[in-house]
Amino acid sequence: AAPALYPNPFMHLLFNTWIKASKSFMLQNRTVKELLWGYKDPFLNKVPFPLNPVLGVFYPYNGTFDGLYKVYTGKEDIKKTAIIESYKNKRNLSYWEGPCDLVNGTDGASFPPFVKKDQILRFFSSDICRSIYGVFHSKQDVKGISLYRFTVPREAFASPAEVRDNYCFCTDQVISKNCTIAGVLDISACKGGRPVFISLPHFLHASDSILHDVEGLSPNEKEHETFLDVEPITGFTLRFAKRLQVNLLVKPAPKIQALSKVQKPYIFPLLWLNESAVIGDAKAEMFRNKVTGRVQMLSVLQMVLMIAGSVLFLAFMGSYFICRSKKLK
């Protein structure tokens, strides 16, 4: 990240000196615990500035929250149920230009009731510093409960050349090749200037030029897509999988020995995450008894009443015509 944060060549010479003094390498062997919850980096430990030398994907976020949310209860308007009214007391994020900067939809845990297949479900994720959306994919059955699966489509990460509405997510003309690269999102603005890029795992739906810069990747929709399984009557999400990949932009830096052989900028994957959950057996049974079971009972009752009404109507009409024919005779 150093060349992106400090482009000055003199700083690169200093970095190179500190890297050699710390006997640090660009590629290191670390345990999963260290990668996730933090380890003391030898290079940063040698930097003679007052900074924290501990690095970790989730460091120091363990036991913290990502900000204050204000949401609509739906009391005044049921169509606004669970919609985020503000995040950190603001309606926008200050990371993007135009409509991309707005906080749209819910937090993904639930949506306004009576979800339709032709709806677009919008939700906000602080992990990727933006609002995103899902479209209907298929019907699912989870523990006897019928659900609608909504997936994040390829168009959500498409280039502005393909989807015009994504123009405000393009922040670097050089790296994005004049906003023609798809599948990655530059979130450096909300990461303190660090060149962090977010994508789907294994660069799913990304441009070939990004995918082929790294060996060993095999994108697969079934394993790498993000989806929400929503109960359509209540709008509750009863199963989900949020999958994303954290990447770092590596730039050429001739003055830094570890980067001296890098010929062009490329996006290097660090790790990918699968945050998934499904409703428990006890909660599913309660949901079936309290919600879906009663709705099914109402449907059966409605059908019985319609059939009974039809029979009575036909009987009445039959009696009417019989009595009328007798009267005419």
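What counts, and where the lines are drawn
- Residues numbered from 1 in each chain as written.
- Predicted model: local features only at pLDDT ≥ 70, side-chain atom pairs only at ≥ 80, totals over all residues.
- Heavy atoms only, no water.
- UniProt positions renumbered as here; feature names shortened; annotations may be inferred.
- Domains from an automatic or database assignment.
- Contact = heavy atoms within 4.5 Å.
- Buried area = accessible area lost by both parts, 1.4 Å probe.
- Salt bridge = Lys/Arg side-chain N within 4 Å of Asp/Glu carboxyl O.
- Helix = DSSP H or I, 4+ residues; strand = E, 2+ residues; numbered from the N terminus.
- Expected span 1.5 Å × (residues − 1).
- Buried < 20%, exposed > 50% of the residue type's maximum accessible area, 1.4 Å probe, protein only.
- Polar contact = N/O pair within 3.5 Å; in protein donor to acceptor, adjacent residues only side chain to side chain.
- Phe/Tyr/Trp six-rings, centres within 6.5 Å; stacked < 30°, edge-to-face > 60°.
- Lys NZ or Arg CZ within 6 Å of the ring centre and 35° of its normal.
- Pairing = 2+ DSSP bridges.
- Disulfide = S-S within 2.5 Å.

For the protein chain, an unreviewed UniProt entry supplies the name Platelet glycoprotein 4 and the organism Cathartes aura. Recorded in UniProt for the protein chain, the comment headed Sequence similarities (unreviewed entry) runs: "Belongs to the CD36 family."

(A) Geometry of the domain arrangement of the protein chain. For the protein chain, the assigned domains are domain 1 (104-279) and domain 2 (285-328). Relative placement of domain 1 and domain 2: their C-alpha centres are 50 Å apart. At the junction of the two partners, domain 1 supplies nine residues and domain 2 supplies five residues. Across the domain 1 to domain 2 interface the summed buried area is about 510 Å²; carbon plus sulfur atoms make up 81%. Counting across the domain 1 and domain 2 interface gives zero salt bridges.

(B) Helix α2 (residues 9-22), seen in detail. When the terminal C-alpha atoms of α2 are compared, their 20 Å separation across 14 residues agrees well with the 20 Å that a helix rising 1.5 Å per residue should span. Regarding α2, the residues found buried are Met-11, His-12, Phe-15, Asn-16, Trp-18, Ile-19 and Ser-22. Elements that come into contact with the buried residues of α2 comprise α1 (2-5) and α4 (42-46). Regarding α2, its N-cap is Asn-8, as a side-chain oxygen of that residue lies 2.7 Å from the backbone nitrogen of Phe-10 further along.

(C) Quick look at the packing of aromatic side chains. This model, assessed by the stated rule, comprises 13 aromatic pairs. With a centroid separation of 5.5 Å and an interplanar angle of 40 degrees, the aromatic rings of Trp-37 and Phe-58 are classed as tilted. With Trp-37 in helix α3 (residues 32-37) and Phe-58 in the loop between β2 (54-55) and β3 (69-71), the pair connects residues that are 21 residues apart, well separated along the chain. For Trp-37, a relative accessible area of 40% puts it in the partly exposed group. Relative to Phe-169, the ring of Trp-96 lies with its centre 5.1 Å away and its plane at 80 degrees, an arrangement referred to as edge-to-face. Of this pair, Trp-96 sits in the loop between β4 (84-87) and β5 (120-125) while Phe-169 is found in the loop between β7 (145-151) and β8 (184-186), placing the two residues 73 residues apart along the sequence. Take Trp-96 and Phe-169: they sit in the same class, and that class is buried. Taken together, Tyr-6, Phe-15, Trp-18, Phe-43 and Phe-49 form an aromatic cluster joined through their ring pairs. The lysine or arginine in question, Arg-122, covers the ring of Tyr-133, its NZ or CZ lying 5.7 Å from the ring centre.

(D) Region of interest: the pairing of strand β10 (residues 227-230). The side-chain alternation of β10 yields two buried faces, one formed by Phe-227 and Asp-229 and the other by Leu-228 and Val-230. Judged from the four bridges that link them, β7 and β10 form a sheet pairing that is antiparallel. Paired with Phe-150 across the strands is Leu-228, a residue of β10. By the bridge criterion, four bridges tie β10 to strand β11 (residues 237-250) in an arrangement that is antiparallel. Its bridge partner being in β11, Leu-228 is matched across the sheet by Phe-240.

(E) Region of interest: the side chain of Thr-81. Checked against the element boundaries, Thr-81 lands in the loop between β3 and β4. A polar side-chain atom of Thr-81 sits 2.7 Å from the main-chain carbonyl oxygen of Ile-78. Excluding anything up to four places from it in sequence, Thr-81 contacts Tyr-72, Thr-73, Gly-74, Thr-106, Phe-111, Pro-112 and Pro-113.

(F) Focus on the state of the cysteines. Evaluated as defined, the whole model comprises three disulfides. A sulfur-sulfur distance of 1.9 Å marks the disulfide that ties Cys-129 to Cys-190. On the S-S bond that ties Cys-129 to Cys-190, the torsion sits near 70 degrees, and the link is right-handed. Note that Cys-129 is positioned in the loop between β5 and β6 (130-142) and Cys-190 in the loop between β8 and β9 (196-199), a separation of 61 residues in sequence. The class for Cys-190 is buried, based on a relative accessible area of 17%.

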